[in-house]
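Fold and geometry: a report
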Amino acid sequence: AASIWLENSLPRMASDDVVHGCYAFSIVAICVLLSGAALDMNKAQQHNFDTCPVKWFLVGASVVAVTLRIDMSGQVVPDSLWLWASCLDAVAAVPQLWLVAQCGGVVNKATSHHLALIVISRLLMLAFWLEIRTTWQQGKSPLGWSMLVIMFVPLVLLSHFMCYYFKNL
């Protein structure tokens, strides 16, 4: 998407028209799937337990992204958006953990497996960042260290849940 917005081409031989078509198709597919899921899953949600103040996560991530922006591309908006998305990704499991706590620690299998897969995903991302950290130019800079912190936050948040998850397998 950045190649469309910043009018940069991708470093490869093929035409960017195919990539732009794939972007458009994926955006339409995501919108259709999300709208269908929102309509279908609205009946299954536990609205009375869903009280997590998500707006404070958005505000906190925005403050961090604007004040601690790390210069990766030399442009303010893409760098800030990237850090904002990374910060939100780090706390993305908090509303689900909040819901688990509000329900007395009892959740269905789909929710518990989803949280466990988030942990596996974060472990793989952390392994990737640890692997490229020494070969990447900015790996030992504040950017590299901030990425490691962003990778560790969800692991710390989900560690207690994972103890119960493995206990109940």
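Cut-offs used in this document
- Residues numbered from 1 in each chain as written.
- Predicted model: local features only at pLDDT ≥ 70, side-chain atom pairs only at ≥ 80, totals over all residues.
- Heavy atoms only, no water.
- Helix = DSSP H or I, 4+ residues; strand = E, 2+ residues; numbered from the N terminus.
- Buried < 20%, exposed > 50% of the residue type's maximum accessible area, 1.4 Å probe, protein only.
- Contact = heavy atoms within 4.5 Å.
- Areas by Shrake-Rupley, 256 points an atom, 1.4 Å probe, with all protein chains shown as cover.
- Axes fitted to C-alpha atoms, helices over the stretch in contact; angles between N-to-C directions.
- Left-handed = near helix turned anticlockwise from the far one by under 90°.
- Nonpolar A, V, L, I, M, F, W, Y, C, P; charged D, E, K, R; others polar.
- Phe/Tyr/Trp six-rings, centres within 6.5 Å; stacked < 30°, edge-to-face > 60°.
- Core = buried A, V, L, I, M, F, W, Y, C linked by side-chain atoms within 4.5 Å.
- Expected span 1.5 Å × (residues − 1).
- pLDDT = per-residue confidence, 0-100.
- Parallel < 35°, antiparallel > 145°, perpendicular 65-115°, else oblique.

1. Observations concerning the overall build of the protein
Helices and strands together make up the secondary structure of the protein, namely seven helices and zero strands. Ordered by position in the sequence, the α and β elements of the protein form the string α-α-α-α-α-α-α. Considering the protein as a whole, with its 169 residues, one finds that 25% of them fall into the buried category. Put simply, of all contacts in the protein between residues at least 6 apart along the chain, 56% involve residues at least 24 apart. Total accessible area computed for the protein in this model is approximately 11,700 Å², and 69% of it derives from carbon and sulfur atoms.

2. Examining the packing of helix α6 (residues 109-132) against helix α7 (residues 142-167)
Interaxial distance between α6 and α7 falls to 9 Å at its minimum, and their mutual angle equals 145°. When you trace α6 past α7, the crossing you get is left-handed. Taking contact as the criterion, the partners of S112, H113, L115, A116, I118, V119, R122, L123, M125, L126, W129 and L130 in α6 are, on α7, M147, L148, M151, F152, P154, L155, L158, F161, M162 and Y165. When its residues are assigned to classes, the contact of α6 with α7 shows 19 nonpolar, two polar and one charged.

3. Concerning the environment of S112
As for its position among the elements, S112 is in helix α6. Not counting the four nearest positions on each side in its chain, S112 is found in contact with V107, F161 and Y165.

4. Describing the packing of aromatic side chains
By the definition in use, this model includes three aromatic pairs. Residues Y165 and F166 carry aromatic rings whose centres are separated by 5.7 Å and whose planes lie at 70° to one another, so their mutual orientation is edge-to-face. These aromatic residues form a ring-pair network of at least three members: F161, Y165 and F166.

5. Description of the nonpolar core
Core analysis: the largest hydrophobic core is formed by 25 residues, its most contacted members being L115, M147, L158, F161 and M162. Of all elements in the fold, only α3 (54-67), α4 (76-90), α5 (94-102), α6 and α7 reach the threshold of two or more residues within this core. Looking at which element gives the most residues to this core, the answer is α7, with ten residues. Excluding anything up to four places from it in sequence, L158 contacts A93, L97, L115, I118 and V119.

6. A word on α6
An α-helical segment advances 3.6 residues per turn. Residues three or four places apart therefore align on the same side. With 24 residues, α6 extends 35 Å between its outermost C-alpha atoms, agreeing within 8% with the 34 Å of an ideal straight helix rising 1.5 Å per residue. Within α6, the full set of buried residues consists of S112, L115, A116, I118, V119, R122, L126 and W129. Buried positions along α6 lie against α4, α5 and α7.

7. Things to note about the confidence of the model for the protein
Of the residues in the protein, 82% have a pLDDT of 70 or more, and the chain-wide mean is 79. Taken element by element, the predicted model of the protein shows its lowest mean pLDDT in helix α1 (residues 2-5) (54) and its highest in α6 (87).

8. Let's talk about the packing of α4 against α7
Close contact between α4 and α7 brings their axes to 8 Å; oriented N to C, the two are set at 25°. What the angle tells us is that α4 and α7 run roughly parallel. Every residue of α7 that contacts α4 at W82, L83, S86 and A90 is listed here: L143, M147, I150, V153, P154 and L157. When its residues are assigned to classes, the contact of α4 with α7 shows nine nonpolar, one polar and no charged.

9. Regarding the side chain of S80
Within the element layout of this structure, S80 appears in helix α4. Take S80: its relative accessible area is 13%, and that puts it in the buried class. When residues no more than four places from it in sequence are discounted, the contact partners of S80 are A65 and R69.

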